[in-house]
Amino acid sequence: MFMGHQKGRNTKENIKRNFGMPTPHGYRKAMRFMYYADHHGFPIVTFIDTPGAFADLKSEELGQGEAIAHNLRTMFGLKVPIVSIVIGEGGSGGALAIGCANKLLMLENAVFYVASPEACAAILWKTAKASPKAAEKLKITAAELSKLKICDGIIPEPLGGAHADSAWTSQQIKIAITEAMDELLEMDTQKLLDHRNYKFRQLGGFAEGIPKDPKKKVNMKKMDKPIMIKTDKPIMKKTDEPIMEKTDKPIIKKKDKPIVKKKEKSIIPTRYISKTPDRELEDEIEKLKQGLLKVGESSLKPFELGVDEMIGKLKREIDMEYSIAVEAMGLKDKIKVLREEYAKARSSSAPLDPALQDKIVNLTEEFEQGLSKAPNYASLMYRQDMLKELSKAKKLSEESERVLTLKKELNKRFATVVKDKIEAFKAEVASNGYADGTKENELKEKALKVRKEIQEEWVKELEALNLKVEPVAPGMKDLSELTSSPELKIKIKELNKEIQKVMGDAIESTDLKNKIGLLKLEWVKAGKAADPELKSKIETLITESLAEALSSSGLTEKHEKLKAEISQAMESSGGMDGSLIGATQGVTAD
């Protein structure tokens, strides 16, 4: 069952369709067809494109509010899947009246709001010119609503908007509806109703334990009555008889004013006034983190100043949160007394009293145990997490700066050490007539000598930069590069093929399979009480069987012979100082 708002493409059609603003008749018609779809088991798809319900006098007389409310209640009880798509704009109850769905999808450039930005600006800022600011605060775009989990999915639009290619946009809407319906149709009736109910119940959140903004507090009504009840009666009882004969009013004022001030200070202490809202802190830190990742080497230093300022600001905010928690837990006076005792003990030359140490430990434990129950605990943890993330990002940026500096230094030293010697060697080769190939052995010796000199000097340069240099033995992957002889390469490949064939035959042998099967059967029978050694027995059995197969096939002798040939070939060519011997140790493993 498809239903939706219809606006029009030009002024004439907009006037005819009332600019997409339905009357009560429209919502009652929609409800009638929803009942029809529910009765016959049709899934419902609604298309929302309205600035809101039509709010003229006639609509109010016909019960506009009642029609919308009836639709809201009815849609939550329908036993068929409901998918709503915002194709243009969705305003207030006029959109919700057909938008209480299991899935709410939005086109990429669509908006969904409780009040239009112009109306919101006129109400809050007393002028429609503040509509851009109102739109930003309302978070009406598909991307923002998706973050807030009000929108369940965003449907892409072509460049220029949906009207630029309506056929392609329609296909994207079709794909989105199909995917949503595939998910919803798998649910039974009760699960479907719970899904719809939970979607709307989880919207929104509460922030507790955050002090009032002082700017907002100025215009709020003061709580005079509760304070007077608590503080006025005890004073009158104590000072009634002796004071009535002398001066009544001045004494009441002197007693009354300090008490009122104390109450106000306990509600909003002056040191908490500079507390930054969580959203602003999050935005600032996100910008700094992105900046740390994107900045170049030249702009890193000035940018780090902003990071250091934010880290200092976060530390002050955390100290402020701890102060709020201490006051909320009623430990302020205890800490003050303990601080005075500690200051006196430190001023004297005598060692710290063990009793005072116990007091400090006990108070610390009491604070740590009760911290999670403090009203601002979530805010404190949130700021601590932000501080950790920002410190980590700063550390990474410093590390990257250090790496860049080291790279520049290495490149500079490489040019002075390596390139100069290579150029000198090339010049010597050209001048002494080595290029014709007549003095190949002498050329090889000179090349090896130059390489050794370069290695020694390069190691010294690296150690001067506090870099640890470790010799690395070549692995089996480099073996083909180290052996220049084509015959040796072929022999290595053939030996590996033989080893793989023998190992494959050994694993597939019936005898080995039967032994492993018996051990597995023992494992299954033992169940939870299985001996852990059974697993190691299986592994040992496989290893021994493979070793026996390799030794019986004569491949071990072939391996030793090939290793000797490779060593002899490398020694004759003056290469690698016998390091290839270590590399050939892995032929059987390969």
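Further up the page is the structure itself.
Residues numbered from 1 in each chain as written. Predicted model: local features only at pLDDT ≥ 70, side-chain atom pairs only at ≥ 80, totals over all residues. Heavy atoms only, no water.

(A) Region of the structure containing the overall build of the chain. A count of helical and extended segments in the chain gives 25 helices and six strands. Residue burial in the chain is summarised as follows: out of 590 residues, 30% are buried. Of the roughly 39,700 Å² of accessible surface on the chain, a fraction of 56% belongs to carbon and sulfur atoms. (Helix = DSSP H or I, 4+ residues; strand = E, 2+ residues; numbered from the N terminus. Buried < 20%, exposed > 50% of the residue type's maximum accessible area, 1.4 Å probe, protein only. Areas by Shrake-Rupley, 256 points an atom, 1.4 Å probe, with all protein chains shown as cover.)

(B) Fine view of the pattern of salt bridges. Inspection of every chain in the model, using the stated rule, returns nine salt bridges. Residue Arg-383 pairs with Glu-321 through a salt bridge whose shortest N-O separation is 3.7 Å. Here the residue Arg-383 occupies a position in helix α18 (residues 377–431), and Glu-321 occupies one in helix α15 (residues 300–328), the gap between them amounting to 62 residues. Glu-321 carries the same exposure label as Arg-383, and that label is buried. Between Glu-366 and Lys-334 there is a salt bridge, and its shortest N-O distance comes to 3.5 Å. Here Glu-366, found in helix α17 (residues 354–371), pairs with Lys-334, found in helix α16 (residues 332–347); they are 32 residues apart in sequence, far enough to count as distant. Salt bridges sharing partners connect three or more residues here, namely Lys-7, Asp-49 and Glu-89. (Salt bridge = Lys/Arg side-chain N within 4 Å of Asp/Glu carboxyl O.)

(C) Local environment of the packing of α16 against α17. Across the interface, α16 lies against α17 with an axial gap of 11 Å and an inter-helix angle of 150 degrees. If you check the angle between α16 and α17, you find them roughly antiparallel. In this structure, the crossing between α16 and α17 has a hand that is left-handed. The residues of α17 that touch α16, namely those facing Lys-334, Ile-335, Leu-338, Glu-341, Tyr-342 and Ala-345, are Leu-356, Lys-359, Ile-360, Leu-363 and Glu-366. Within the contact of α16 with α17, the residues separate by chemical class into seven nonpolar, no polar and four charged. (Axes fitted to C-alpha atoms, helices over the stretch in contact; angles between N-to-C directions. Parallel < 35°, antiparallel > 145°, perpendicular 65-115°, else oblique. Left-handed = near helix turned anticlockwise from the far one by under 90°. Contact = heavy atoms within 4.5 Å. Nonpolar A, V, L, I, M, F, W, Y, C, P; charged D, E, K, R; others polar.)

(D) Summary view of the packing of helix α4 (residues 64–77) against helix α10 (residues 189–201). Taken N-terminus to C-terminus, the directions of α4 and α10 make an angle of 135 degrees; their axes are 8 Å apart at the nearest point. In terms of their interaxial angle, α4 and α10 are classed as oblique. Residues Met-75, Phe-76 and Gly-77 of α4 form the contact with α10, whose own contacting residues are Leu-193, Arg-196 and Phe-200. Split into classes, the residues belonging to the contact of α4 with α10 amount to four nonpolar, one polar and one charged.

(E) Looking closely at a nonpolar patch on the surface. A contiguous nonpolar surface patch, about 280 Å² in accessible area, is contributed by Phe-33, Tyr-36 and Phe-42. Considering the arrangement of structural elements, one finds Phe-42 in the loop between α2 (24–40) and β2 (44–50). Assessed through its relative accessible area of 35%, Phe-42 is described here as partly exposed. (Patch = residues over 30% accessible without salt bridge, like charges linked within 9 Å, V, L, I, M, F, W, Y side chains within 5 Å.)

(F) Expanded view of the pairing of strand β4 (residues 103–107). Burial within β4 is extensive, with five of its five residues counted as buried. Residues Lys-103, Leu-105 and Leu-107 of β4 are buried on one face, and the alternating residues Leu-104 and Met-106, pointing to the opposite face, are buried as well. Pairing analysis gives four bridges linking strand β3 (residues 82–91) to β4, with the strands arranged parallel. Along β4, the bridge assignment pairs Val-83 with Lys-103. (Pairing = 2+ DSSP bridges.)

(G) Summary view of the packing of aromatic side chains. By the definition in use, this model includes four aromatic pairs. Seen in terms of ring centroids, Tyr-322 and Phe-367 are 6.0 Å apart; in terms of plane orientation they differ by 45 degrees. Their pairing is tilted. In this pair, Tyr-322 is assigned in helix α15 and Phe-367 in helix α17, connecting sequence segments 45 residues apart. On the basis of relative accessible area, Tyr-322 is assigned to the partly exposed category, the value being 28%. (Phe/Tyr/Trp six-rings, centres within 6.5 Å; stacked < 30°, edge-to-face > 60°.)

(H) Representation of the layout of surface pockets. The calculated volume of the largest pocket comes to roughly 790 Å³. Surrounding the largest pocket, 23 residues form its lining, Arg-9, Asp-49, Ile-87, Ala-162 and His-163 being those nearest its centre. In terms of residues, the lining of the largest pocket owes the most to one element, helix α9 (residues 166–184), which gives four residues. The class makeup of the residues in the lining of the largest pocket is six nonpolar, 10 polar and seven charged. (1 Å grid on protein atoms, 1.4 Å probe; cavity = no way out; pocket = protein on both sides within 12 Å on 5 of 7 lines; lining within 4 Å. Points joined across faces, edges and corners; volume = space filled by probe spheres on them.)

(I) Summary view of unusual backbone geometry. A positive phi is found at Asn-18, a non-glycine position, where the angle reads about 60 degrees. Among the structural elements, Asn-18 can be located in the loop between α1 (11–16) and α2. A relative accessible area of 23% places Asn-18 in the partly exposed class. One non-glycine residue, Lys-139, lies in the positive phi region at around 55 degrees. Mapped onto the secondary structure, Lys-139 falls in the loop between α7 (131–138) and α8 (142–147). With a relative accessible area of 25%, Lys-139 lands in the partly exposed category.

(J) Quick look at the side chain of Asp-49. Structurally, Asp-49 can be placed in strand β2. Engagement of the side chain of Asp-49 in a polar contact is seen with the backbone nitrogen of Glu-89, the distance being 3.2 Å. The contacts of Asp-49, once residues within four sequence positions are left out, are His-5, Lys-7, Gly-20, Ile-87, Gly-88 and Glu-89. (Polar contact = N/O pair within 3.5 Å; in protein donor to acceptor, adjacent residues only side chain to side chain.)

(K) Spotlight on a negative patch on the surface. A contiguous patch of negative charge on the surface is contributed by Glu-280, Glu-282, Asp-283 and Glu-286. Position of Asp-283 relative to the elements: it lies in helix α14 (residues 278–294). (Lys, Arg positive; Asp, Glu negative; His and termini not counted. Charge placed at Lys NZ, Arg CZ, Asp CG, Glu CD.)

(L) Inspection of the pairing of β2 at higher detail. Of all seven residues in β2, six are buried, a share of seventy percent or more. Here three bridges tie strand β1 (residues 2–4) to β2, and the two strands are oriented parallel to one another. By the bridge assignment for β2, Phe-2 is matched with Val-45. As judged from the six bridges shared by β2 and β3, these two strands associate in the parallel manner. Pairing of Thr-46 across the sheet is with Ser-84, part of β3.

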